[in-house]
Amino acid sequence: MADSLSQFLDNARVRVDEALERYLPRPPACPAIISDAMRYSLFAGGKRLRPMLTLAAADAVARKRDRPDPFTLALPAACAVELIHTYSLIHDDLPAMDNDTLRRGRPTLHVVYGDGIAILAGDGLQAEAFALLAREPQTDDPAVNQRKLRVLGVIAEAAGSTGMVGGQAIDLQAAGQANGRDVTLDAEGLRGMHARKTGALITASAESGAIMGGGTDDLVSAVRHYAGLVGLAFQIIDDVLDVEGDAATLGKSAGKDAATAKPSYPALFGLAQSRALAHGCAERAAEVLEKAGLAEGWLRPIADWIVTRRN
Ligand code: GRG
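These numbers were taken from a predicted model, which means no experiment stands behind them.

Caption draft 1: Quick look at the overall build of the chain. If you tally the helices and strands in the chain, you get 15 helices and two strands. The C-alpha radius of gyration computed for the chain amounts to 19 Å, which stays within 12% of the reference 19 Å derived for 311 residues, consistent with globular compactness. Once the C-alpha set of the chain is aligned to its principal axes, its extents read approximately 50 × 50 × 35 Å. A total of 311 residues make up the chain; the buried ones form 53% of that total. Looking at the chain alone, contacts between residues at least 24 apart form 75% of all its contacts between residues at least 6 apart. Carbon together with sulfur atoms contributes 54% to the accessible area of the chain, which is approximately 13400 Å² in total. Mean positive and mean negative side-chain charge positions of the chain (33 and 39 charges, respectively) differ by 1 Å.

What follows is the structure, given as structure tokens:
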């Protein structure tokens, strides 16, 4: 068992990357171009935050209930959320959306393969995520199969129109990219947009881990609460880094929110107060864990890492 956060993250990253490589189809099962395009984005050096949350949540509830090896049960869900996250980045970077040319330190997928293949690679990754959730982990245990079905629903809802897709639609409206159907976001509107666009998948990532790890309803609900706060902190820091960071460190374009007049936390509250808000979220998340008896393990250090990260 890891004894520092960086050790936990390194171990988890190796297992997730190895599993993603194994789970994703390659030729002759699928055409080489789509296999190459999906892998180009998937193995471009993402932080793997969402799968880490899945595995850390599974570990936290399993410790509490004294259950061995929660990673094996939670690994497919951890990979599925990363597949969905990567699809969302590919589509977000398209000219019809955020129109970006740099992601994870490399030219974006549509720059390399063209818009059509980039759209299809995103579609492919999303479909593979749900195929994976339906298939793995393979078991005859009815309790585990029930958890799989529940997780499938949780992730689908987070990815769809009530979650990430809905949030992205509001974002396009706020950016004046919905053919005149514009909206103006105040602080509450901004929070709501982010809760859907990035928060929902982050919450589902942790919740899925808690479910696959065999958490009781109370524990799953505490993990959901924790992850909602962590997701908000993550987004606030993302906005701060968009102002303070540079493209070389971030691996994506910096200064985009201001350049495109997008609503953001620094624009509404300034940098210092935005950072204070993010730290406040992490502290509240730690309190939620404490109250639920989940203070041991990696969920708390991950919250601290999120608010101190540089990329
Ligand atoms: C296309 C349906 C659809 C949705 C796109 C998530 C998203 C919705 C767009 C991404 C826009 C963006 C940059 C949002 C800020 C928060 C965010 C998701 C940052 C990227 O996530 P990281 O930092 O990325 O976890 P890595 O590359 O480390 O995985």
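Having put the structure on the table, let's press on.
Caption draft 2: Spotlight on the pattern of salt bridges. Enumeration according to the criterion identifies 19 salt bridges in this entry. Salt-bridge contacts for Asp217 lead to Arg150; the nearest nitrogen and oxygen are separated by 3.8 Å. Residue Asp217 is located in helix H10 (residues 217-244), and its partner Arg150 is located in helix H7 (residues 142-159); the two are separated by 67 residues in the primary sequence. Close ionic contact of Glu188 with Arg191 constitutes a salt bridge, the shortest N to O distance being 2.9 Å.

Caption draft 3: Molecular detail of the nonpolar core. Ranked by internal contacts, the top residues of the largest apolar core, which has 92 residues, are Phe8, Leu55, Tyr226, Leu294 and Ile302. By residue number, the principal contributor to this core is H10, which donates 13 residues. Every residue in contact with Ile302, bar those within four places of it in the chain, is listed here: Leu5, Phe8, Leu49, Met52, Leu53, Ala56 and Tyr226.

Caption draft 4: Main features of empty space enclosed by the protein. Applying the stated rule across the entire model yields four cavities of 30 Å³ or more. Put simply, the largest cavity is a space of about 100 Å³. If you trace the largest cavity, you find 13 residues lining it, with Ser41, Asp93, Arg103, Arg104 and Leu109 closest to the centre. Looking at the lining of the largest cavity, the elements with two or more residues in it are helix H2 (32-42), helix H4 (70-93) and strand S2 (106-107). Here the lining of the largest cavity is composed, by residue class, of six nonpolar, three polar and four charged.

Caption draft 5: Expanded view of the packing of aromatic side chains. If you walk through the whole model with that rule in mind, you get four aromatic pairs. Measuring from centroid to centroid gives 6.0 Å for Phe8 and Phe71, while their planes differ by 75°, and the two rings are edge-to-face. Here Phe8 is found in helix H1 (residues 5-23), whereas its partner Phe71 is found in helix H4, with 63 residues between them in sequence. With relative accessibility at 3%, the residue Phe8 sits in the buried group. For Phe71, a relative accessible area of 12% translates into the label buried. Every member of this aromatic cluster is reached through a ring pair, and the members are Phe8, Phe71 and Trp298. Lying over the aromatic face of Tyr23, Arg22 brings its terminal NZ or CZ to 5.1 Å of the ring centre. The lysine or arginine in question, Arg106, covers the ring of Tyr40, its NZ or CZ lying 4.5 Å from the ring centre.

Cut-off values and rules
Residues numbered from 1 in each chain as written. Predicted model: local features only at pLDDT ≥ 70, side-chain atom pairs only at ≥ 80, totals over all residues. Heavy atoms only, no water. Helix = DSSP H or I, 4+ residues; strand = E, 2+ residues; numbered from the N terminus. Rg over C-alpha atoms; globule rule 2.2 N^0.38 Å. Buried < 20%, exposed > 50% of the residue type's maximum accessible area, 1.4 Å probe, protein only. Contact = heavy atoms within 4.5 Å. Areas by Shrake-Rupley, 256 points an atom, 1.4 Å probe, with all protein chains shown as cover. Lys, Arg positive; Asp, Glu negative; His and termini not counted. Charge placed at Lys NZ, Arg CZ, Asp CG, Glu CD. Salt bridge = Lys/Arg side-chain N within 4 Å of Asp/Glu carboxyl O. Core = buried A, V, L, I, M, F, W, Y, C linked by side-chain atoms within 4.5 Å. 1 Å grid on protein atoms, 1.4 Å probe; cavity = no way out; pocket = protein on both sides within 12 Å on 5 of 7 lines; lining within 4 Å. Points joined across faces, edges and corners; volume = space filled by probe spheres on them. Nonpolar A, V, L, I, M, F, W, Y, C, P; charged D, E, K, R; others polar. Phe/Tyr/Trp six-rings, centres within 6.5 Å; stacked < 30°, edge-to-face > 60°. Lys NZ or Arg CZ within 6 Å of the ring centre and 35° of its normal.

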